[in-house]
Amino acid sequence: MKRIKFLVYTLIFIIPVISLKSQDIEFTASAPSTVSQGETFQITYRVNAKGDKFKGPDFKGFDVVSGPNVSQSSSFQFINGKMSQSNEQIYTYLIHASEAGTFDIKPASIVVDGKTYYSNALRITVEKSATSSTPKSSTKPRSTPATPTEPIQSAGDLSQDDIFVKAYVNKSNPYVGEQVIITYKLYTKVPLANIRINNLGTFPGFWSQDLIKSDQLQQSTEIINGQEYVTAEIKKSALFPLKSGTFKILPLEMEATATLIKQRKRFSTGDPFFDQFFNDAFFNTGYERINKKVYSNAVTINAKPLPTAGRPVDFGSAVGNFKFSAQIDRNQLKTNEALNLKVTISGSGNLDMVEAPNISFPTEFDTYDPKVNSNISASSSGISGTKTFEYLIIPRTPGKYIIKPFTFSYFNPSTGRYYTETSPEFTIEVLKGADQPGGITYSGVNQQDIKYIGTDIRYIKLPPYHLRPIGVTFFASKLYYGILIGLIVLFGLFTFGIKTMQKRRGDVGLMRLRKATSVATKRLKTAHAYLKNQQEAQFYNEISAALWGYISDKFNIPLAELSMENVENKLLKKNVNPQTIKAFIDTLNNCEFARFAPGNKSENMEQVYKEALSTISRIEQELK
Amino acid sequence: MKTYFKYLLSIILIGFVFQAQVLRGNDNLHALLDSATSAYTKGFYSDAVVYYEKVLSMGLESAEIYYNLGNAYFKLNELAPAIYNYEKALMLSPSDEDILFNLKIANSRITDKIDVVPELFFQRWWKSFYRLFPGDTWALFSLIFFGLFLSALGIFLLSKRVTYRKIGLWAAVVLLVLASFSFAFAWKDQSRQTEKRNGIIFEPAVVVKSSPDEASVDLFVLHEGTKVEIQDKLDKWVKIKIANGNVGWLPATTLKEY
């Protein structure tokens, strides 16, 4: 019962949490409902969660200038120890309305936590603009120049054709590092009081430099489609692509304030003179200012990489058309005096990115980092100028030195080839300076530590190389295991062979060797039994047999071949103590004597038995 | 002495273990290697790279080739492939001084500077010990020691003299230990080469994630040429550990395993 209660409570608490969570997610689209033809406007999709896989609709009837541009914001809040998190993701499109009419934009979709959400659909009405509907200006008098003082149009909305900005590049397919000039040109049919650039076109992936300043606008007139426009270059930049690839330059956003004359109906008195007076251009204060946002078109630049074929080793990043020269200010000088080496690189191209050439000076020279002077002028035709590197050199020891020729390499995009220019070789004669003592001094040895001038990797290894098939190792190969198993088999066969050979050759001897002592002790035991029974003859026979048999078994000699000398020699060879041998021989002799000679034998029996026992055990010990 | 020994070893290994007559008779290969050397000497490093890569694509490898290729890439200032090839060379010849030197220089030029967690002294000793010789040399040692072990065992089993038997037994024990150690080293080297436990970052910059998911938290950024240890794999992701002990997930395409 309790459990069910608990379950119910849990469900009561959990369900709202879940439902809240799913209710929380909002995905909305917003856009102006009415726009005029030729206008550029924003469509924004907002979602209040962290989503991904955003899929925008196809904007039928519109041109997408840029987008979707994603921006994200998230915030954490701690209130009374409870944490809440809110996320917002905004996807923005910049849309250009090129056709008039009413258009439906289908919902966009986004995936949040594995669920797909759809935004609301949009309906946008594009109204026909006034000027584009009027027939082309053939009816208009040609003689109306678009000067700010002379109003052309009466109050009303400005159309796309009245003011627009065009962006164009002189090259859309440059090499990396090649100069591209981008120009933003303003075209207007109406007088403008003020322009303000809100959002400069940014140039990601480029190094850029402005070529004209915005306060020096030069006006000119141009006729497009029979209509006369006042034009001005509002921005011009030199761009140098830093890497290869396709780059989209976002449109420039500008706000223009047009000045239009307002018809002032309330001043119309009916009197032509007063009308004339009040509506006079000089007197009339009824100008109307209309702000209009203008976007330029987006430009795509496809930078191609520099060719690798024929690239010189010392090539840095100089791209353009350059001249290179190097000179020194004197050939002869004294120690500790200064010498100047001047390297000049001039021409047009990415001079800012030109690096100092790599010059190897004699190590006895003190050299300093070059003084870099650049005289770069940015004109409307691009960037050109001169860059100089001045090296200050101070020779410390007299002698004749050579500065080896050094090179400067650049890539000329107009010919598509690399060029390497080489400096002359400079010979410098250094004489002894005044502060150097003339004579040779012998006081002290002028030793120096080895100077480490640079670090470099070590040189490649030269043939012969120990090449082998990739991934094939000796270990775990068939051969390895073959050798391993072969060794074991060989070992097994070898030991088995040796064992069987031993067995076949010395089976009897081996057995006798092992049994020698046990046989001897057995015999001695029987001898002991005879001793107790006072059976003299049997006793001596047994002792003799034990001794002879022991030697015979031990050294694998047949009994028939045994003699006293034999036994002595054999024991001597085995390094048995001569005393022990003597005791053994004596015991044997005693036995033989007792066996074959008459007399009281019983009193010796005890002693002979002891001697036999001790000599056998002594020999046994010594043989070990 | 050491070089003589090495030379002898390689003759044993190459001359007779791997049918080297196939390689020796190849004039084409010789011409390729000669042109690679001269291209490098003249400073045409990109040509040298092409030649050395061609040798590798013929299915042949050696520590020297990887090392030279690494040098050529280094000269072209392509640090990631340079380090990758130095590591490959080190795999085949773990104690070569030139390779260690150049790898150190290349590692000093990459963007990421990682404080290495110091190893315990016995780990260091152990490592430096088993890296004394390449895996194939250890394999050869294991065979030699095993053979000697069997001989000692034979002496122990067959000899009648107690002293010989004693010496045989002890020698057999010691040689068995030596044989098993060299076998273990050879085994370890083998698994090191086949398992591909390390990788080099090849992208200019990659974000290491907390889990194998694009939407997970960004942990840290690694740059081109950094060495990582591969701990795990899941779909198109690899779990990596860098030298200072940090762990995270990367897309498998951002690195090259070796």
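From a predicted model like this one, the values you see are computed outputs, not experimental measurements. (Residues numbered from 1 in each chain as written. Chains lettered and ligands numbered in written order. Predicted model: local features only at pLDDT ≥ 70, side-chain atom pairs only at ≥ 80, totals over all residues.)

**Q** Kindly report on the overall build of chain A, identifying the contributing residues and their values.
**A** Helix and strand counts for chain A come out as 9 helices and 31 strands. When burial is assessed residue by residue, chain A has 23% of its 624 residues classed as buried. (Helix = DSSP H or I, 4+ residues; strand = E, 2+ residues; numbered from the N terminus. Buried ≥ 20, exposed ≤ 12 C-beta atoms within 10 Å, placed from the backbone.)

**Q** Report on the overall build of chain B, specifying residues and quantitative values.
**A** The helix and strand tally for chain B stands at 10 helices and 8 strands. Look at the contacts in chain B between residues 6 or more apart in sequence, and 56% of them connect residues 24 or more apart. (Contact = placed C-beta atoms within 7 Å.)

**Q** I'd like to hear about unusual backbone geometry, residue by residue, with values.
**A** Omega for the bond connecting A:Pro463 with A:Pro464 falls within 30 degrees of zero, at 5 degrees, which places this linkage in the cis form. Of note in the backbone geometry, B:Lys196 takes a positive phi value of approximately 55 degrees without being a glycine. Examined against the element boundaries, B:Lys196 turns out to sit in the loop between helix H10 (162–195) and strand S2 (198–201). Positive phi is not limited to glycine here, since B:Asp235 has a value of about 50 degrees.

**Q** How would you sum up the nonpolar core? Please name residues and give values.
**A** Judged by nonpolar contacts, the single largest core of 42 residues is most densely connected at B:Tyr52, B:Ile83, B:Tyr86 and B:Ala89. It is helix H6 (residues 79–92) of chain B that contributes the most residues to this core, 9 residues altogether. The residues that make up this core include at least three from each of domain 1 (2–109) and domain 3 (198–257) of chain B. Look past the residues within four positions of B:Tyr52 in its chain and what remains in contact with it is B:Ala36, B:Ile65, B:Asn68, B:Leu69 and B:Ala72. With 35 residues, the next largest nonpolar core counts A:Ala238, A:Phe322, A:Leu339 and A:Leu341 among its residues. (Core = buried A, V, L, I, M, F, W, Y, C linked by C-beta atoms within 7 Å. Domains from an automatic or database assignment.)

**Q** Talk me through the sheet that holds strand S27 (residues 399–403) of chain A; I want residue IDs and the actual numbers.
**A** All names here are of chain A. What the 3 strands build is an open sheet, ordered S22-S30-S27; its pairing is mixed. Every other strand in the sheet has two partners, leaving strand S22 (332–334) and S27 as the edge strands with one partner each. The mean angle between the axes of side-by-side strands here comes to 30 degrees, regardless of whether they run parallel or antiparallel. Pairing analysis gives 5 bridges linking S27 to strand S30 (residues 426–431), with the strands arranged antiparallel. Pairing of Lys400 across the sheet is with Glu429, part of S30. (Pairing = 2+ DSSP bridges. Axes fitted to C-alpha atoms, helices over the stretch in contact; angles between N-to-C directions.)

**Q** Before we move on, could you go through the interface of chain B and chain A and cite the residues and values that matter?
**A** The interface is formed by 39 residues belonging to chain B together with 30 residues belonging to chain A. Every element with two or more residues in the side of chain B that touches chain A is listed here: helix H1 (2–17), helix H3 (27–42), strand S1 (60–61), helix H5 (63–75), helix H7 (97–109), helix H9 (135–158) and H10 of chain B. If one sorts the elements of the side of chain B that touches chain A by residue count, H9(B) sits on top with 11 residues. Here the residues of the side of chain B that touches chain A sort into 22 nonpolar, 13 polar and 4 charged. Bridge count between strand S31 (residues 468–469) of chain A and S1(B): 2 bridges; the pairing is antiparallel. (Nonpolar A, V, L, I, M, F, W, Y, C, P; charged D, E, K, R; others polar.)

**Q** Please provide a residue-by-residue account of the environment of B:Phe202, values included.
**A** Secondary-structure assignment places B:Phe202 in the loop between S2 and strand S3 (205–209). Not counting residues up to four positions away in its chain, the partners in contact with B:Phe202 are B:Ala80, B:Glu224, B:Thr254, B:Leu255 and B:Lys256.

**Q** Can you lay out the packing of H3(B) against helix H4 (residues 45–57) of chain B for me, pointing to particular residues and giving the numbers?
**A** When two helices pack together, their arrangement is given by the angle between the helix axes and the distance between those axes. Residue and element names in this part refer to chain B. H4 packs onto H3 with a crossing angle of 155 degrees between their chain directions and a minimal axis gap of 8 Å. One way to sum up the angle between H3 and H4 is to call them roughly antiparallel. Along this stretch, H3 crosses H4, giving a crossing that reads as left-handed. For the pair H3 and H4, the contacting residues are Leu32, Leu33, Ser35, Ala36, Ala39 and Tyr40 in the first and Tyr45, Asp47, Ala48, Tyr51, Tyr52, Lys54 and Val55 in the second. (Parallel < 35°, antiparallel > 145°, perpendicular 65-115°, else oblique. Left-handed = near helix turned anticlockwise from the far one by under 90°.)

**Q** Quick one: what's the story with the packing of H5(B) against H7(B), residue by residue and with numbers?
**A** Residues and elements named next belong to chain B. Two numbers describe how H5 lies on H7: the axes approach to 11 Å, and their chain directions differ by 25 degrees. By the angle between their axes, H5 is roughly parallel relative to H7. In this structure, H5 crosses over H7, and the sense of that crossing is left-handed. Residue-level contacts link Ala63, Tyr67, Gly70, Asn71 and Phe74 of H5 to Asp98, Ile99, Asn102 and Ala106 of H7. Residues that form the contact of H5 with H7 fall into these classes: 5 nonpolar, 3 polar and 1 charged.

**Q** Give me the lowdown on the confidence of the model for chain B, citing residues and values where you can.
**A** Residue and element names in this part refer to chain B. With 90% of its residues at a pLDDT of 70 or more, chain B shows a mean pLDDT of 86. Confidence over residues 15–22 falls short of pLDDT 50; this stretch has 7 contacts with residues more than four positions distant or in other chains. With a pTM of 0.43, the predicted complex shows an ipTM of 0.76. (pLDDT = per-residue confidence, 0-100.)

**Q** Break down H4(B) for me, with residues and values.
**A** Residues and elements named next belong to chain B. With 13 residues, H4 extends 18 Å from end C-alpha to end C-alpha; this agrees with the ideal 18 Å at 1.5 Å per step. For H4, every residue scored as buried is listed here: Ala48, Val49, Tyr51, Tyr52 and Val55. The buried residues of H4 all sit within an arc of 165 degrees when viewed along its axis, so they share a single face. Where H4 is buried, its residues contact H3, S1 and H5. Gly59, located one to two residues past H4, shows a positive phi value of around 90 degrees. (Expected span 1.5 Å × (residues − 1). Arc of directions from axis to C-beta.)

**Q** Would you mind going over the pairing of strand S9 (residues 115–118) of chain A in detail, with residue names and values included?
**A** All names here are of chain A. Summarising the sheet, strand S8 (residues 109–112) and S9 pair through 4 bridges and their orientation is antiparallel. Bridge pairing in S9 places Ser109 opposite Tyr118. Between the end of S8 and the start of S9, which pair antiparallel, lie 2 residues, with Asp113 showing a positive phi angle near 50 degrees.

**Q** An account of the sheet that holds strand S3 (residues 40–47) of chain A is requested, with residue identities and associated values reported.
**A** Residue and element names in this part refer to chain A. Overall, antiparallel pairing links the 4 strands, which are arranged S1-S3-S6-S5 in an open sheet. Taken across any chain shown, the strands that pair with only one partner, and hence form the sheet edges, are strand S1 (27–30) and strand S5 (62–79). Each adjacent strand pair in this sheet contributes to an overall mean axis angle of 15 degrees, direction not counted. Where S3 and strand S6 (residues 82–97) come together, 8 bridges link them in antiparallel fashion. Within S6, the position partnered with Tyr45 by the bridge is Tyr91.

**Q** Could you give an account of the confidence of the model for chain A, naming the residues involved and the relevant values?
**A** Should pLDDT be low for a region, the predicted coordinates there are not to be read in detail. Counting all residues, the mean pLDDT for chain A is 76, and 80% of those residues have values of 70 or more. Across chain A, strand S28 (residues 407–412) of chain A holds the top mean pLDDT of 88, while helix H2 (residues 130–133) of chain A sits lowest at 41.

**Q** Explain the environment of A:Pro578 residue by residue, including any values.
**A** All names here are of chain A. Position of Pro578 relative to the elements: it lies in helix H8 (residues 578–596). In this structure Pro578 comes out as exposed when scored by C-beta crowding, with 10 C-beta atoms within 10 Å. Expressed as a C-alpha distance, the spacing of Pro578 and Glu568, which sit 10 residues apart in the sequence, is 8.8 Å.

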